[in-house]
Amino acid sequence: MICNMNKFILSIDQGTTSSRVVIYDKNFIVIDSLQKDVDQFFPKDGWVEHDAYSIWKDVKKLIKDLLKKNNIDSSQILSIGISNQRETTVMWDKTNGIPINRAIVWQDRRTNDICKNLRDQKLEKKVQKITGLVIDPYFSATKIKWILDNNPKAKSLIKEKKLLFGTIDTWLLWNLTERKSHLTDITNASRTMLYDLENEDWSHEILRSLNIPKDILPEVTQNTYDFGSTNLFGDSIPIGGMAGDQQASAIGLSCFKKGQTKSTYGTGCFLLMNIGEKFKLSSNNLITSVAFKIGNEKMYCFEGSIFVAGSAIQWLRDKLFFFKDAKQTELLYSEAKSSENVVIVPALTGLGAPHWNPNARGAIFGLTRNTAIPEIVKATLDSLAFQTFDLINIMEKDSNIKINEIYVDGGMADNKKFIQSLSDILQIEIIKPSNVEASALGAAYLAFINFMSQKNNNQLAINMDKYNVKESISFIPKIDKSSAKTKLVKWKKAVSALISFHS
Ligand code: ADP
């Protein structure tokens, strides 16, 4: 039974596969959480959509149900933090709050041609210098352009100055505050391909190139801020923290210092390395984003992504019917015959860094009469370790920093066989905190930091001890360097073959 005097922090973690809400106590111990799956729509090859309105309705209901289930009154919530799937683009009519089309999800590749057009105009270098990003359909900019060009409603709403754009953070905030706050934070803004990272403003130049009006965009703030408050659950609750999910998870995994690195294995895989206070560009197709801005402290990060991570496991489950539950992959991995040498490149929606080949598609190499489900499952999981190796390799080169350990989180981090394979291939220690919901935790940290700053005359301070990873399991390499190398040579050959097949 929860005592009425207790105070809590509420975290909203709106992910690609599910929306979650989590209640933490002031020591960041999880009190309870609820979650609901997000419906996925695939109207055409390469298109991925979400129903933004359902996402909002689900989040609202989850919060209501969670407070009720735990007998917690809204007055006991000190602050709300929001972590969200990034880049996913929502456009809505601000007079009735209804989205004008389904949200275009980060994985959606429909804007390949718009990106090609930008590259043909030789804008790659300029875009990278301003936004830190590689021109790619993945980011919000070309998704906004696509909606403006293809949805007649958008055109008339723009004329009437009634159209708003937001990523999921902005959309949820606008609804939570009953249409009062149209804001985003700097980490989410840095993923739109419209934001000037160093000057901290929307880039007029890129907006002009894409013909996107500035007045549909939200105002950008730091990660801890008085974002507004919500009165939808009883007494008013302030919203004090916000960050895109990957940055939120880096915060939840305490990657506050230069060199600290984390890798999240959810639907996609996202590797983030804190590169410090100086804006730096990669020469190997990694992207630069803001890791966080809290008070006067602004840190940048390098990021590399693997488009298909957990979604490869979903594909094995839902399209090939190899198992019913992703958890079964751990046992299947151990059943794989060591005599089989299957290599999978699960580039189901293209290849990310360092290759950035949106047209590549997946392949399986080395099939024999003895290849069965376990071998394919193992090869799929191992492929994620190989892809992580490729990213780490260029991250170290571009940053001049040696990575000695990596923190991991996300649904796949529960798979011990996979994390061991990761440690074996990378030949470094992998640390898995016992709380693998790092995005939700990071959002809760931000909300609490903002709450504390108000109590302390707006002094924002990160008390490292409070936010350090406390309980974790460590994985160290169980194979030697040369065995890891042998496996990596095969992987490289497979990727080269795939790329030449699609060239
Ligand atoms: P997101 O935050 O992107 O919604 P999650 O972090 O919840 O994703 O992770 C879910 C993904 O992880 C799913 O794609 C699922 O297939 C995969 N997954 C979950 N558990 C396991 C497991 N034990 N082994 C391998 N993959 C898993």
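In the block above lies the structure referred to throughout.
Residues numbered from 1 in each chain as written. Predicted model: local features only at pLDDT ≥ 70, side-chain atom pairs only at ≥ 80, totals over all residues. Heavy atoms only, no water.

Here the focus is the site of the ligand. The full set close to the ligand counts 17 residues, and Thr17, Arg20, Thr267, Gln314 and Gly411 are the nearest of them. A distance of 3.0 Å separates an oxygen atom of the ligand from a polar backbone atom of glycine 310. Of all the secondary structure elements, the ones that give two or more residues to the shell around the ligand are β2 (18-24) and α10 (310-318). Among the elements that make up the shell around the ligand, the one with the highest residue count is α10 (4 residues). (Near = heavy atom within 4 Å. Polar contact = N/O pair within 3.5 Å; in protein donor to acceptor, adjacent residues only side chain to side chain. Helix = DSSP H or I, 4+ residues; strand = E, 2+ residues; numbered from the N terminus.)

Let us look at the sheet that holds strand β6 (residues 90-93). Picture the strands of a sheet paired through backbone hydrogen bonds; they go either parallel or antiparallel. Overall, antiparallel pairing links the 3 strands, which are arranged β7-β6-β9 in an open sheet. In this open sheet, the two edge strands, each paired with only one partner strand, are β7 (98-99) and β9 (163-166). With 2 bridges joining them, β6 and β7 adopt antiparallel strand pairing. From the neighbouring strand, aspartate 93 faces β7, where its bridge partner is isoleucine 98. Sheet contacts for helix α6 (residues 168-176): β6, β7 and β9; angle to β6, the most-contacted strand, approximately 30°. (Pairing = 2+ DSSP bridges. Contact = heavy atoms within 4.5 Å. Axes fitted to C-alpha atoms, helices over the stretch in contact; angles between N-to-C directions.)

Quick look at helix α3 (residues 124-131) now. Each α-helix winds once per 3.6 residues, and so residues spaced three or four apart point in a common direction. Taken residue by residue, α3 has Val127, Gln128, Ile130 and Thr131 as its buried positions. Where the residues of α3 are buried, they touch β11 (195-196), α8 (204-210) and β18 (287-294). (Buried < 20%, exposed > 50% of the residue type's maximum accessible area, 1.4 Å probe, protein only.)

The next point concerns α6. With respect to burial, α6 is a largely interior element, 9 of its 9 residues being buried. For α6, the full list of buried residues reads Ile168, Asp169, Thr170, Trp171, Leu172, Leu173, Trp174, Asn175 and Leu176. Positioned one or two residues after α6, glutamate 178 has a phi angle of 50°, which is positive.

A few words now on a positive patch on the surface. Taken together, the side chains of Lys397, Lys481, Lys485 and Lys492 present a region of like positive charge at the surface. For the positive patch, the element with the most residues is helix α15 (residues 481-501), which contributes 3 residues. Relative to the helices and strands, lysine 485 resides in helix α15. Looking at lysine 485, the relative accessible area reads 59%, which means it is exposed. (Patch = residues over 30% accessible without salt bridge, like charges linked within 9 Å, V, L, I, M, F, W, Y side chains within 5 Å. Areas by Shrake-Rupley, 256 points an atom, 1.4 Å probe, with all protein chains shown as cover. Salt bridge = Lys/Arg side-chain N within 4 Å of Asp/Glu carboxyl O. Lys, Arg positive; Asp, Glu negative; His and termini not counted. Charge placed at Lys NZ, Arg CZ, Asp CG, Glu CD.)

What follows covers the side chain of threonine 221. By secondary structure assignment, the location of threonine 221 is in strand β13 (residues 219-221). Take threonine 221: its relative accessible area is 6%, and that puts it in the buried class.

What follows deals with the pattern of salt bridges. Applying the stated rule across the entire model yields 28 salt bridges. Note that lysine 69 is salt-bridged to aspartate 32, the shortest N-O span being 2.7 Å. With lysine 69 in helix α1 (residues 52-69) and aspartate 32 in strand β3 (residues 30-37), this pair connects stretches of sequence that are 37 residues apart. Overall, the relative accessible area of 53% leaves lysine 69 in the exposed class. Overlapping salt bridges, with partners in common, bring together Arg86, Glu87, Arg191, Asp245 and Glu303 in one network.

Before going further, it helps to examine the environment of isoleucine 287. Within the fold, isoleucine 287 resides in strand β18. Put simply, isoleucine 287 and serine 483 are 196 residues apart on the chain and 31 Å apart in space, counted from C-alpha to C-alpha. For isoleucine 287, the contacting residues outside a window of four places in its chain are Gly132, Leu133, Val134, Phe139, Arg191, Cys301, Phe302, Glu303 and Trp356.

Phi is positive for lysine 122, close to 60°, though the residue is something other than glycine. Within the element layout of this structure, lysine 122 appears in the loop between α2 (112-120) and α3. When its relative accessible area of 71% is taken as the criterion, lysine 122 is described as exposed. Non-glycine residue glutamine 427 carries a positive phi angle of around 60°. For glutamine 427, the position within the fold is in the loop between α13 (416-426) and β23 (429-433). Judged by its relative accessible area of 24%, glutamine 427 is partly exposed.

What follows concerns the side chain of aspartate 196. Inspection of the secondary structure assignment puts aspartate 196 in strand β11. Summary of buried charges: aspartate 196 has no salt-bridge partner, and the nearest side chain of opposite charge, lysine 298, is 7.7 Å away. Side chain to side chain, aspartate 196 and asparagine 199 meet in a polar contact 2.9 Å long. Each residue touching aspartate 196, except ones within four places of it in the same chain, is listed here: Ile130, Asp201 and Ser203.

Between helix α12 (residues 373-399) and α13, the shortest axis-to-axis distance is 9 Å and the interhelical angle comes to 40°. Here α12 is positioned oblique relative to α13, judged by the angle of their axes. As for how α12 packs across α13, the hand of that crossing is right-handed. Contact residues: Leu381, Asp382, Leu384, Ala385, Phe386, Thr388, Phe389 and Ile392 in α12; Phe418, Ser421, Leu422, Ile425 and Leu426 in α13. Tallied by class, the residues present in the contact of α12 with α13 amount to 10 nonpolar, 2 polar and 1 charged. (Parallel < 35°, antiparallel > 145°, perpendicular 65-115°, else oblique. Left-handed = near helix turned anticlockwise from the far one by under 90°. Nonpolar A, V, L, I, M, F, W, Y, C, P; charged D, E, K, R; others polar.)

As a further point, take the nonpolar core. Ranked by size, the top nonpolar core spans 131 residues in total, and within it Met91, Ile144, Leu194 and Ile430 carry the most contacts. If one sorts the elements of this core by residue count, α12 sits on top with 11 residues. Beyond its immediate chain neighbours, meaning those up to four positions away, isoleucine 144 contacts Thr89, Met91, Phe165, Leu194, Ile212, Ile216 and Leu217. Grouped together as the second largest cluster of nonpolar side chains are 34 residues, Phe8, Leu10, Ile23 and Ile239 included. (Core = buried A, V, L, I, M, F, W, Y, C linked by side-chain atoms within 4.5 Å.)

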